[in-house]
Amino acid sequence: MKSIARDGRAPAELVLDSARPTGAMRVAVRDSLLAHKRDGDPIVVWRDGHVVWVPADEIVIPLLDEDPPAR
């Protein structure tokens, strides 16, 4: 028996559709960055081969496609 998604696509087609999971990951990362900035918690990033702590006031929040353009 073959599985079919609600939108009629086969599982293999869903796996190859990277736009949806990538978009969900972008939203999740943005939400996490916003929470860190709001709570005053630093984040850790990998920069030039080193682990770097970024203070909350220096965290840059990326825009999402749905966000209005920055002014």
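Relevant structure appears above.
Peer 1: Would you mind going over the pairing of strand β1 (residues 43-47) with me for this structure?
Peer 2: Across five bridges, the pairing between β1 and strand β2 (residues 50-54) is antiparallel. Opposite Arg-47, over in β2, you have His-50 as the bridge partner. Hairpin remark: β1 followed by β2, antiparallel, with two residues in the connecting loop; positive phi at Asp-48, about 55°.

Peer 1: How should I be thinking about the nonpolar core in this particular structure?
Peer 2: A general feature of soluble globular proteins is that nonpolar side chains tend to end up buried together. By size, the foremost hydrophobic cluster in this structure holds five residues: Leu-33, Ile-43, Val-54, Ala-56 and Ile-59. The contacts of Ala-56, once residues within four sequence positions are left out, are His-36, Lys-37, Gly-40, Asp-41 and Pro-42.

Peer 1: What's the story with unusual backbone geometry in this structure? I'm lost.
Peer 2: Excluding glycine, most residues fall at negative phi; most peptide bonds, likewise, are trans. Residue Asp-48 is not a glycine yet carries a positive backbone phi of 55°. Tracing the backbone through its elements, the reader meets Asp-48 in the loop between β1 and β2.

Peer 1: Is there a simple way to think about a nonpolar patch on the surface in this case?
Peer 2: A cluster of nonpolar side chains, namely Val-44, Trp-46, Val-51 and Trp-53, defines an oily patch on the protein surface of about 520 Å² accessible area. Secondary structure elements with two or more residues in the nonpolar patch: β1 and β2. Tracing the backbone shows Val-44 in strand β1.

About the criteria used
- Residues numbered from 1 in each chain as written.
- Predicted model: local features only at pLDDT ≥ 70, side-chain atom pairs only at ≥ 80, totals over all residues.
- Heavy atoms only, no water.
- Pairing = 2+ DSSP bridges.
- Helix = DSSP H or I, 4+ residues; strand = E, 2+ residues; numbered from the N terminus.
- Core = buried A, V, L, I, M, F, W, Y, C linked by side-chain atoms within 4.5 Å.
- Buried < 20%, exposed > 50% of the residue type's maximum accessible area, 1.4 Å probe, protein only.
- Contact = heavy atoms within 4.5 Å.
- Patch = residues over 30% accessible without salt bridge, like charges linked within 9 Å, V, L, I, M, F, W, Y side chains within 5 Å.
- Areas by Shrake-Rupley, 256 points an atom, 1.4 Å probe, with all protein chains shown as cover.
- Salt bridge = Lys/Arg side-chain N within 4 Å of Asp/Glu carboxyl O.

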